[in-house]
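Listed below, chain by chain, are the residues.
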There are 2 protein chains.
Amino acid sequence: MVGTDGDRAGDVIRPLRATVGKRPTIEMVASYCGVSRQTISNAINAPDRLRPETLRRVLKAIEETGYRPSHAARSLRKDATNVIGCRLLPSSYGGTGGVLDGWFHALCAAARSGGYDVLTFASSTDDEEIAVYDDLLRRRAVDGFVLTNTHHIDPRPAWLSEHGAKFVAFGRPWGTRNAPHSWVDVDGANGTAAAVRHLAGLGHTRIGFLGLAKGSGVGDDRYQGWASAMRALDLPTKGLVERAEDGIASGRALTEKLLEGPRPPTGLVCVSDSMAVGAIRAVEDRGWRPGRELSIVGFDDSPIASVLRPSLSSVRQPIVAVAGELVAALLAELSDSNRRPSRILLAPRLVVRESSGAQHDSARLVVRESSGAQHDSAELHRFDEVAAPAPAMPAPATQPPREKVSANA
Amino acid sequence: MVGTDGDRAGDVIRPLRATVGKRPTIEMVASYCGVSRQTISNAINAPDRLRPETLRRVLKAIEETGYRPSHAARSLRKDATNVIGCRLLPSSYGGTGGVLDGWFHALCAAARSGGYDVLTFASSTDDEEIAVYDDLLRRRAVDGFVLTNTHHIDPRPAWLSEHGAKFVAFGRPWGTRNAPHSWVDVDGANGTAAAVRHLAGLGHTRIGFLGLAKGSGVGDDRYQGWASAMRALDLPTKGLVERAEDGIASGRALTEKLLEGPRPPTGLVCVSDSMAVGAIRAVEDRGWRPGRELSIVGFDDSPIASVLRPSLSSVRQPIVAVAGELVAALLAELSDSNRRPSRILLAPRLVVRESSGAQHDSARLVVRESSGAQHDSAELHRFDEVAAPAPAMPAPATQPPREKVSANA
DNA sequence: GTATTGCATATGAACGATCAAAAGCGCTAG
DNA sequence: CTAGCGCTTTTGATCGTTCATATGCAATAC
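Now for a description of the structure that goes with this document. (Residues numbered from 1 in each chain as written. Chains lettered and ligands numbered in written order. Predicted model: local features only at pLDDT ≥ 70, side-chain atom pairs only at ≥ 80, totals over all residues. Heavy atoms only, no water.)

**Here's the deal with the overall build of chain A**
- For chain A, the count of helices and strands is 14 helices and 14 strands.
- Here chain A, with 409 residues, has 55% of them falling under the buried criterion.
- Contacts spanning at least 24 positions in sequence make up 68% of the contacts within chain A whose residues lie at least 6 apart.
- A total accessible area of about 18500 Å² is found for chain A, and carbon and sulfur atoms account for 50% of it. (Helix = DSSP H or I, 4+ residues; strand = E, 2+ residues; numbered from the N terminus. Buried < 20%, exposed > 50% of the residue type's maximum accessible area, 1.4 Å probe, protein only. Contact = heavy atoms within 4.5 Å. Areas by Shrake-Rupley, 256 points an atom, 1.4 Å probe, with all protein chains shown as cover.)

As C-alpha cells, then:
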C-alpha cells in the first residue's frame, strides 16, 4: 500500500518511470494507479467485478505501462499454459511439397486469435513424436496437441488418451472404430466422387483410379469415393484400378499398366498429385496429351498443380477451414473437460484445370458449392455420435451427413 | 522431511504411488527418495555438487517417478523460458511453394537438441509481426526470436534492438550497413556465379539474367554474382539483363523480351524458380526445348524443380545448415549477453538437371564442393567484424572470405 | 579439546500471477 | 443504534522452481 500523503482515491497517478522498472509486473501497475494487485488482475480476468470508474482507471494504467501478465507466473498458478503443441509436418509430405504450410499458417492464426500460442516440434517417427509429447506433458509446457497425418496403425491417439492428454486429430482414426477423441478431416471420398462426376460429365465412361495399397486409410477413403460414384453412374469398374505406394514413378508405372490393358480408361482419378504427375508422364511417354487422350485429375492441389503444363485438375482440401475447426474443437475440449468428442468432416472442392480436358467454358462447372468464399469454401458435416451410430467402415463416405452447416471461410 | 521410523540414509524408498500424485513435483521426488528439494534440483542443474552415491539415488528416483521440472515454475524463477519465437513463413513464399518447410523442420530439431522449444506464429505484415513480438516479449513468453525473410526496408531488426530483444536473422540486413545483430545467410551471389560458370563450361557465351527490380537485396545479391562471374570470364553483359517482380508470368514475359532482342542469350540464369518456370514457358511457346535452344538455371531448388519436365537445374540453399547456424548463434547470444554478433554466410550448391542442357555425364560437374554430405553440404564463411571492415555494399559477394570452416552436415 | 576448513545437504525467500476469503463501506431493515 | 446485506477492494496463501544462505558433519589444524 505504501501509504503516501493525500490519498484521495481520485487520480493518484505516480510518475511512471519512478514506479515501473523494465518490464512491469502486476504489483508495479497496482502501485502506479493506487490499487491492489488483485484489482489489476480482476480488470483483466473479471472486469465486471470492478466499479466502472475504477476499471477505467486501471485499464488506463495498464495501457500506459504496457503491462501484460507474465506467461510463466500465470501458467504456474493456473496450471494451464495456453499453448498448443503441434508437430511440424515432414517436408516431404505429399511428395510434391508444400501443401500444408498454408494449413499451419491458418492453425497458428486461429490459435492466436483464441488466445493460444503454438509450440512446434519436428519428429520423424511416431515413437520420436510420442517422446516429445511425453516431454512436453511432463514439463507441463502445453495444454494439448493437434495431431497431424494420422495413419493406419497409429500409436499416438491411444498413447495420448492413456496419458490423459487433450488433443484433436487432423484425420480420422483409421482402423479404429469409434475412437473417443475429437477429429477433423476432409472427406476424400467426396472429392474423388466429384472428380468422377466431373469426368463423366465430360463424356467419359471408362474412368480409372490410381490408388494406394489397401489399408492406408486415406487411400481407401478416396478409393471408396471413386467406386461409389462409378456405381451410382452405372459405369464399369473392372480392370480400372491400380494401386501402389505414392510417388511419381509409381504413378507412371501404374498408368502404363492401365493403358496397356484390354480396355484402357479415357479418364483417370488419382489418389494424389504425385500419382497424377506420374500419369501425365506416362501419357506423354506415348506422345499423347493429358486432357486429350487421357483426362487426369489429381488430389491435394499442391503448388505444382497450377504450375505444370498442362496444368493439373486437382481436388483441393479446405485447409484453412480445417485449421479453424481443429483449434475450435481443441479449445472447446480444453475448456469443458468431459464434453462429447466432435467429429467434423469437411468437403473438398475440385479445381478444374487443363489436364481433365474440360473446355474453357465448362471450367465453371466445378462443384456446385463453389460459389462461396473465394479462398477456402467448404461444406461441413458434423457427426453426432448419439444420433448416428458409428459407421461400420472408417467413415460414412457416401451416406448423407446428419447436419450440414456452412463453414466459416 | 516427514520423519518416519528407521531413517537409515541408505535406501529409504517409500512406495511410489503413496508419495507421488498425478504429475510429480520436485517435492514429491524429494520425499520419495528421502532428500530435500534442493538436492533434486542440484542433481539436474549442478550434478557435481552431489556425492556420487546420492546422485545415483536421486537420478534413479527421477527416472522412476518420471519427474521433469515444470516449465512454468522454472521460467518464473529463472526469468528465461527456453523458448524461441519464430514467424511461420507465408505459404506463398518462393512462389513455387514449400522451399522452406525443410528449413523450419531443421530449426525445430536444432532448437530442441539445444534444450529449446520453438513457438510459432503467423503474420502477414511487418507491423503485425512486430505486434506479436511485442506481445510475446511483454508476456515474457520467449527468450529470443529467429527472423526470416529480411528485406529491404525492414523495421523489425531495429524494433527488436530498441526493445532489447535477442534475435538472429535469416538474411542479411539489406540496406543497413553494419547492423549490430547476428545473422546467417546464403551467399546468393556465389550461387548465381556458379550457375554462370556451369553454363560457360557448357560452351555458352551469351548468358542472360532474369532478376528482380533493383533494391530488393536478395535480387541485387544474386545479380551481382551473375555480373561478376560474367566479368571474370570476359563475357558480354550488355542487353542480357531483365528485371521485374517475381513470378511465372513475369519470367515468361522477360524471357520473351530477351529472346526478341538483337543478340539473344543461349543460357539464362534466373533469380528464382518461378522466374525459371516462366522462362521455360517462353521457350516452349516458341516450339523450342529448354536445355537445347536455351539453357536455364533457376534458384531455390523448390520441389517443382525436380518434377518439371524438363527438370530444372537450380541453386539449392543449404537450409539445414542455415537452421543449425541460426540456432547456434541465438543460443550463444542468449547465454553470453554482450558477445560480438556473428555473421555467417553459407555457400549454396548448384543442382544440375535437364534444363541447363548438360550431358548426362557432365552432371557430375556441379560445384566442386559437392562431394561432401549428401543432403545439405555447404561452405561456411564467417565474417569477423574486427578483422574485416564492414563491406560497402550489403556483403562482399565476390571477395574471398576471411575464414573458411566446413559446416556441420 | 576446540577452532577451522570444506564439502554435502537443507532451509527460507523469491519469482509474478490467481484463488479464496476477509475487510471496508454505504444502505436498508429491525 | 446495531445488525445484516451487497458490492467493491484488499490481504494472505499458493503454484513449483531456483537462488542465497544456513546447517550438519567429518577431517584437519592449532
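**A look at the protein's contact with DNA strand D**
- Within the structure, DNA strand D sits among 26 residues, and A:Arg37, A:Thr39, A:Thr54, B:Ile26 and B:Arg77 are positioned closest to it.
- Restricting attention to atoms of DNA strand D within 4 Å of the protein, one finds that 54% of them are sugar or phosphate atoms.
- With respect to DNA strand D, the side chain of B:Asn45 contributes an N or O atom lying 3.0 Å from a phosphate oxygen.
- For the surface near DNA strand D, the elements supplying multiple residues, two or more each, are α3 (37–45) and α5 (71–78) of chain A together with α3 (37–45) and α5 (71–78) of chain B. (Near = heavy atom within 4 Å. Polar contact = N/O pair within 3.5 Å; in protein donor to acceptor, adjacent residues only side chain to side chain.)

**Concerning the sheet that holds strand β9 (residues 295–299) of chain B**
All names here are of chain B.
- Read from one edge to the other, the open sheet built from six strands follows the order β7-β6-β8-β9-β10-β12, with strand pairing classed as mixed. Strands with a single pairing partner mark the edges of an open sheet, and in this sheet they are β7 (241–243) and β12 (349–351). Direction aside, the axes of adjacent strands within the sheet are offset by 20° on average.
- Summarising the sheet, strand β6 (residues 207–211) and strand β8 (residues 267–270) pair through four bridges and their orientation is parallel. Counterpart to Phe209 in the pairing with β8 is Val269.
- On the sheet, helix α9 (residues 188–201) packs against β6, β8, β9, β10 (313–316) and β12 and is oriented at approximately 165° with respect to β9.
- Against the sheet, helix α12 (residues 273–285) makes contact with β6, β8, β9 and β10, and its axis sits at roughly 160° relative to β9, the strand it touches most. (Pairing = 2+ DSSP bridges. Axes fitted to C-alpha atoms, helices over the stretch in contact; angles between N-to-C directions.)

**Description of the protein's contact with DNA strand C**
- The local shell around DNA strand C holds 25 residues, among which A:Ile26, A:Ser41, A:Arg77, B:Arg37 and B:Thr54 are the closest.
- Per the 4 Å cut-off to the protein, sugar and phosphate atoms form 56% of the nearby atoms of DNA strand C.
- In the model, a base nitrogen of DNA strand C is placed 2.7 Å from a nitrogen or oxygen of the A:Gln38 side chain.
- Between DNA strand C and B:Arg37, the relevant distance is 2.5 Å, taken from a base oxygen to a side-chain nitrogen or oxygen of the residue.
- Top element by residues in the surface near DNA strand C is α5(A). It accounts for five residues.
- Residues that form the surface near DNA strand C fall into these classes: eight nonpolar, nine polar and eight charged. (Nonpolar A, V, L, I, M, F, W, Y, C, P; charged D, E, K, R; others polar.)

**Comments concerning the packing of aromatic side chains**
All names here are of chain B.
- The full count for this structure, using the stated rule, is 16 aromatic pairs over all chains.
- Their ring planes at 35° and their centres at 5.8 Å tell us that Tyr223 and Trp226 sit as a pair that is tilted. Of the two residues, Tyr223 and Trp226 both sit in helix α10 (residues 218–232), three residues apart, roughly one turn of that helix.
- Overall, Trp226 belongs to the buried group, its relative accessible area being 1%. (Phe/Tyr/Trp six-rings, centres within 6.5 Å; stacked < 30°, edge-to-face > 60°.)

**Considerations on α12(B)**
All names here are of chain B.
- Compared with an ideal rise of 1.5 Å per residue, which puts 13 residues at 18 Å, α12 spans 18 Å between its outermost C-alpha atoms and is within 8% of the ideal.
- Summarising burial for α12: 11 of the 13 residues are buried, a large majority.
- Turning to α12, its buried residues number three or more, namely Asp273, Ser274, Met275, Ala276, Val277, Gly278, Ala279, Ile280, Arg281, Ala282 and Val283.
- Measuring from the backbone nitrogen of Ser274 back to the side-chain oxygen at the start of α12 gives 3.3 Å, which picks out Ser272 as the cap.
- Phi turns positive one or two residues past the end of α12, at Gly287, with a value near 80°. (Expected span 1.5 Å × (residues − 1).)

**Things to note about helix α11 (residues 248–260) of chain A**
Residues and elements named next belong to chain A.
- Between its first and last C-alpha, α11 extends 18 Å over 13 residues, near the 18 Å set by a 1.5 Å rise per residue.
- Within α11 the residues assigned to the buried category are Ser250, Gly251, Leu254, Thr255, Leu258 and Leu259. Buried residues of α11, viewed axially, fall in a sector of 165°; they line one side. In α11, the exposed residues that point more than 90 degrees away from the buried face are Ala249, Lys257 and Glu260.
- Lining the buried residues of α11 we find β6 (207–211), β7 (241–243), β8 (267–270) and α12 (273–285). (Arc of directions from axis to C-beta.)

**Section: the interface of chain A and chain B**
- Each side of the interface is counted separately: chain A has 52 residues, and chain B has 52 residues.
- If you look at where chain A meets chain B, you find 10 salt bridges.
- When the shortest N-O distance is used, the salt bridge between A:Glu284 and B:Arg309 registers 3.6 Å.
- For the pair chain A and chain B, the number of links is 20 residue pairs in polar contact (both at pLDDT 80 or more).
- Taken together, the elements giving at least two residues each to the side of chain A that touches chain B come down to α5, α6 (101–113), β2 (117–121), α7 (126–138), α11, α12 and α13 (303–307) of chain A.
- Looking at the side of chain A that touches chain B, the element that brings in the most residues is α6(A), giving seven residues. (Salt bridge = Lys/Arg side-chain N within 4 Å of Asp/Glu carboxyl O.)

**Re the pattern of salt bridges**
- Evaluated as defined, the whole model comprises 42 salt bridges over all chains.
- The partner of A:Asp185 in a salt bridge is A:Arg172, and the shortest N-O contact between them spans 2.8 Å. Of the two residues, A:Asp185 is situated in strand β5 (residues 182–186) and A:Arg172 in the loop between β4 (166–170) and β5; the sequence distance between them amounts to 13 residues.
- Residue class for A:Arg172 comes out buried when judged on its relative accessible area of 2%.
- Between B:Glu242 and B:Lys257 there is a salt bridge, with its nearest N and O atoms 3.5 Å apart. Here B:Glu242, found in strand β7, pairs with B:Lys257, found in helix α11 (residues 248–260); they are 15 residues apart in sequence, far enough to count as distant.
- Given a relative accessible area of 18%, B:Glu242 falls into the buried group.

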